[in-house]
Amino acid sequence: MDIDKVFYRYVMKNLFADPCEVRFWDGEVVKYGEGIPQFRINFNKPIAKLEVFSDPYMAFGEGYMLKKIDIVGTVQKVIESLYKNQSSFLHQKKGYKKLFKIFSNSIRESKENIQFHYDIGNDFYSLWLDETMTYSCAYFKSPEDSLLQAQRNKVSHILRKLNLQPGQTLLDIGCGWGELIIAAAKDYQVKALGITLSSEQYYKTAERIENEGLQDMVEVKLIDYRELEGRTFDRVVSVGMIEHVGKAHLNSYFSAVSALLNENGVSLLHCITGYKESAINSWFNKYIFPGGYIPAVQELVSLMAANGFYLIDLESLREHYTRTLEHWSRNFEGSLTLAMKIKDETFIRMWRLYLNSCAASFHSGNIDLHQFLFTKGVNNTWPLTRINMYS
């Protein structure tokens, strides 16, 4: 008797919400669920049972990376089916499901974590991001918007929310490849500073600023926000950065923003959110975002109030991120020939799993994307309606 096969036949029986097929390493194909199979899981070899019990996310994630598992169908569909079946063993709160970790993320650790993810090469990111190299949730005014148009929409949407006026100053914490600070200077005539911990982003942004002839209006620094001293700003924005801060440093982040803002200043926080504190996916922490933590909505709102901020606008863009990730995934698959020249197959499979897992998580509602707009102290001069955000 093949003990591994008996084990996996049992595990697969209650794993997915949709009908599917499983092809085992000996060639046998077993159908699970009623109806037409939506996908097939091919086991090229068994994954150790102890690995599955101790950490199923790591076991299956590494199993896919190392080709112990193959998927016939879309990876996103498979993961959504996992998420939809809340009765499976993956969703039961038992000993093998690790509690979320509280990462310290000192300045040194933050630099190392950011470089781990963002300094893998601009040549790699340029294969599947849009021309602006914007690596965060886009904003689709129409389902027909291209990724490039949607990313430009997002930057415009943020800048409108900030109600920028000529001559004001803007700080972008975690500025990426510089699209927002460049647009702010060109479209609103503000003086903008972008800061990042990624060397690749820093040099590319500096190059863009020089090419645009904006050295008098825009600057970029390779620095942690906790090291920025002696300067204050009318506006502070952060897009897709606070997820790297770590739970233990969330309050310090808002305290730093308060110190960096002028009185009555305004900040916009664009970030991935959850609705409760939950287990951190260990596979993501090891291979994609070391030290990452997705804060709960109520956690962020509470910290804003504790630091003297007034929340004046909150918007969810969850399905916008689903669409964004689906665009990235299609671009990624369309660039495999070039990607394989600079990255090995394990890396390619790792990133395919990452992009599709994220799309599935947003579409399933496991995580969300919110934009928080808040003021330092009471600002009675702010527009009375949201018309300025859309006009």
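A. Spotlight on the pairing of strand 8 (residues 233-239). Of all the seven residues making up strand 8, six are buried; the element is thus mostly covered by neighbouring parts of the structure. Bridge count between strand 8 and strand 9 (residues 261-273): six bridges; the pairing is parallel. If you follow V239 over to strand 9, its bridge partner there is H270. A crossover links strand 8 with its parallel partner strand 9, the connecting element being helix 10 (residues 250-260), and its sense is right-handed.

B. How the structure looks around the side chain of D313. With respect to the element layout, D313 can be found in strand 10 (residues 309-316). On the accessibility criterion, D313 (9% relative accessible area) is buried. In this structure the side chain of D313 is engaged in a polar contact, spanning 2.7 Å, whose partner is the side chain of R386.

C. Quick peek at helix 1 (residues 3-13). Listed as buried for helix 1 are K5, F7, Y8, V11 and M12. The buried residues of helix 1 occupy an angular sector of 160° when the element is viewed end-on, so they sit on one face. Opposite its buried face, helix 1 presents the exposed residues Y10 and K13, each directed more than 90 degrees away. Check the buried side of helix 1 and you find it contacts strand 1 (20-23), strand 2 (29-32), strand 3 (40-43), helix 2 (49-54) and helix 3 (56-65). A side-chain oxygen of the first residue of helix 1 lies 3.1 Å from the backbone nitrogen of D4; this N-cap is D2.

D. Structural view of unusual backbone geometry. Of note in the backbone geometry, Q189 takes a positive phi value of approximately 55° without being a glycine. A relative accessible area of 40% places Q189 in the partly exposed class. Located in the positive-phi region is N264, a residue other than glycine, with phi close to 70°. Assignment of secondary structure puts N264 in strand 9. What makes N264 partly exposed here is its relative accessible area of 35%.

E. Helix 9 (residues 199-212), seen in detail. An ideal rise of 1.5 Å per residue puts 20 Å on 14 residues; helix 9 measures up with 20 Å between its terminal C-alpha atoms. Where helix 9 is concerned, the buried positions are Q201, T205, R208 and I209. Along the long axis of helix 9, the arc covered by the buried residues comes to 100°, so they all point the same way. Turned more than 90 degrees from where helix 9 packs its buried face, Y203, E210 and N211 sit exposed. Remark: G213 follows helix 9 within two positions and exhibits a positive phi of approximately 65°.

F. Representation of the pattern of salt bridges in the model. Inspection of every chain in the model, using the stated rule, returns 20 salt bridges. Between D70 and R349 there is a salt bridge whose closest N-O contact spans 2.9 Å. Separated by 279 residues along the polypeptide, D70 in strand 4 (residues 69-72) and R349 in helix 15 (residues 345-364) bring together distant segments of the chain. The class of D70 is partly exposed, set by a relative accessible area of 22%. Here E319 ties to R318 by a salt bridge, and the two come within 3.6 Å at their closest N and O atoms. In this structure, a network of salt bridges that share partners links the residues K5, R9, D26 and E28.

G. Representation of the sheet that holds strand 2 in the model. Taken together, four strands build an open sheet; the order of strands is 2-1-3-4 and the sheet is mixed. Among the strands making up the open sheet, the edge pair consists of strand 2 and strand 4. Averaged over all neighbouring strand pairs, the angle between strand axes comes to 20°, with direction disregarded. For strand 1 and strand 3, the ladder comprises three bridges, and the chain directions are parallel. Within the sheet, the bridge partner assigned to V22 lies in strand 3 and is I41. On the sheet, helix 1 packs against strand 1, strand 2 and strand 3 and is oriented at approximately 25° with respect to strand 2.

H. Molecular detail of the packing of aromatic side chains. Counted by the stated rule, this structure contains 35 aromatic pairs. Between Y125 and W177, the ring centres sit 5.2 Å apart and the planes meet at 55°, which makes this aromatic pair tilted. Taken together, the positions of Y125 in helix 6 (residues 122-125) and W177 in the loop between strand 5 (169-173) and helix 8 (179-188) put the pair 52 residues apart, joining distant regions of the chain. On the accessibility criterion, W177 (2% relative accessible area) is buried. Relative to Y253, the ring of Y225 lies with its centre 5.6 Å away and its plane at 70°, an arrangement referred to as edge-to-face. Highlighted residues: Y225 in the loop between strand 7 (218-222) and strand 8 and Y253 in helix 10, separated in sequence by 28 residues. Assigned by exposure class, Y225 and Y253 land together as buried.

Cut-off values and rules
- Residues numbered from 1 in each chain as written.
- Predicted model: local features only at pLDDT ≥ 70, side-chain atom pairs only at ≥ 80, totals over all residues.
- Heavy atoms only, no water.
- Buried < 20%, exposed > 50% of the residue type's maximum accessible area, 1.4 Å probe, protein only.
- Helix = DSSP H or I, 4+ residues; strand = E, 2+ residues; numbered from the N terminus.
- Pairing = 2+ DSSP bridges.
- Right-handed = clockwise from strand over helix to strand, strands pointing away.
- Polar contact = N/O pair within 3.5 Å; in protein donor to acceptor, adjacent residues only side chain to side chain.
- Arc of directions from axis to C-beta.
- Contact = heavy atoms within 4.5 Å.
- Expected span 1.5 Å × (residues − 1).
- Salt bridge = Lys/Arg side-chain N within 4 Å of Asp/Glu carboxyl O.
- Axes fitted to C-alpha atoms, helices over the stretch in contact; angles between N-to-C directions.
- Phe/Tyr/Trp six-rings, centres within 6.5 Å; stacked < 30°, edge-to-face > 60°.

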